[in-house]
Amino acid sequence: NEAFFEWFEFRRWEKVKAVFKEMKRRRGNGNALKININFVGNPRIIFTIDSEDRQWFDNAVEKIDTVLELLPYHLDPKTLPSEISEIIYKFDSILNRWRLNTASSEKKKYIFKEEIWKEIK
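In this report, we go over the structure that sits alongside the text.

**Quick notes on the overall build of the protein**
Scanning the protein from terminus to terminus reveals 4 helices and 6 strands. Taken from the N to the C terminus, the helices and strands of the protein come in the order α-α-β-β-α-α-β-β-β-β. Rg of the C-alpha trace for the protein: 15 Å, near the compact-globule value of 14 Å for 121 residues, within the 12% margin. Considering the protein as a whole, with its 121 residues, one finds that 38% of them fall into the buried category. Contacts in the protein between residues far apart in sequence, at least 24 positions, make up 42% of those at least 6 positions apart. Seen as two clouds, the 23 positive and the 20 negative side-chain charges of the protein have centres 4 Å apart.

Laid out in structure tokens, this is it:
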């Protein structure tokens, strides 16, 4: 949430994003670079970036902070399955935005499809 950016400071967050972009630049197009960014909390939130294209990779890194505004909606107990301990976001390069992907509890795993959570069996 916003408390993270207040504590970590926006300038430092921009430097972290710059490091990710530089890693991808050095790796080059056509060479996938997968980065998992974990935010510890309840639930733990993970952002997974795995694009081969540098422009999409950079775009995904830049848009991570926009998910901050959506977290209260995404973590709404009315729509989120119970006892979720982890939520994974993936960047959708077709729609050019971060999307909820999966959520898991100790015993169950869910996928977010068609605007609802569906249990994976």
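That was the structure; now back to the text.
**Some details on helix 4 (residues 67–74)**
Taken together, the buried positions of helix 4 are occupied by Val67, Leu68, Leu71 and His74. Looking straight down helix 4, one finds that the buried residues subtend no more than 105 degrees of arc, so they occupy a single side. Exposed side chains of helix 4 directed beyond 90 degrees from the buried face belong to Glu69, Pro72 and Tyr73.

**Regarding the pairing of strand 5 (residues 109–113)**
Only one face of strand 5 is covered, namely the face carrying Tyr110 and Phe112; the face carrying Lys109, Ile111 and Lys113 is uncovered. Taking the residues that link successive antiparallel strands as the turn, the strand 4 (residues 97–104)-strand 5 hairpin has 4 residues. Of the strand pairs in this sheet, strand 5 and strand 6 (residues 116–120) are connected by 5 bridges, and their pairing is antiparallel. In the sheet register, Phe112 faces strand 6, and the bridge partner there is Trp117. The antiparallel hairpin formed by strand 5 and strand 6 contains 2 residues in its connecting segment, where Glu114 sits at a positive phi of about 55 degrees.

**Concerning the sheet that holds strand 1 (residues 35–39)**
Strand order across the open sheet formed by 6 strands is 1-2-3-4-5-6, with mixed pairing between neighbours. Edge strands, defined here as strands with exactly one partner in the open sheet, are strand 1 and strand 6. With strand direction ignored, the average angle separating the axes of adjacent strands in the sheet is 30 degrees. Bridge count between strand 3 (residues 86–92) and strand 4: 7 bridges; the pairing is antiparallel. The residue of strand 4 that forms the bridge with Asp92 is Arg97. Lying on the sheet, helix 4 is in contact with strand 2 (44–49), strand 3 and strand 4; it crosses strand 3 at an angle near 135 degrees.

**Some words on the pattern of salt bridges**
Scanning all chains against the criterion turns up 10 salt bridges. Glu14 is the salt-bridge partner of Lys17, the closest N and O atoms lying 3.0 Å from each other. Here Lys17 pairs with Glu14, and both are found in helix 2 (residues 10–27), just 3 residues apart, close to one helical turn. Given the relative accessible area of 27%, Glu14 is considered partly exposed. The closest approach of N and O atoms between Glu22 and Arg26, which form a salt bridge, is 2.9 Å.

Parameters at a glance
Residues numbered from 1 in each chain as written. Predicted model: local features only at pLDDT ≥ 70, side-chain atom pairs only at ≥ 80, totals over all residues. Heavy atoms only, no water. Helix = DSSP H or I, 4+ residues; strand = E, 2+ residues; numbered from the N terminus. Rg over C-alpha atoms; globule rule 2.2 N^0.38 Å. Buried < 20%, exposed > 50% of the residue type's maximum accessible area, 1.4 Å probe, protein only. Contact = heavy atoms within 4.5 Å. Lys, Arg positive; Asp, Glu negative; His and termini not counted. Charge placed at Lys NZ, Arg CZ, Asp CG, Glu CD. Arc of directions from axis to C-beta. Pairing = 2+ DSSP bridges. Axes fitted to C-alpha atoms, helices over the stretch in contact; angles between N-to-C directions. Salt bridge = Lys/Arg side-chain N within 4 Å of Asp/Glu carboxyl O.

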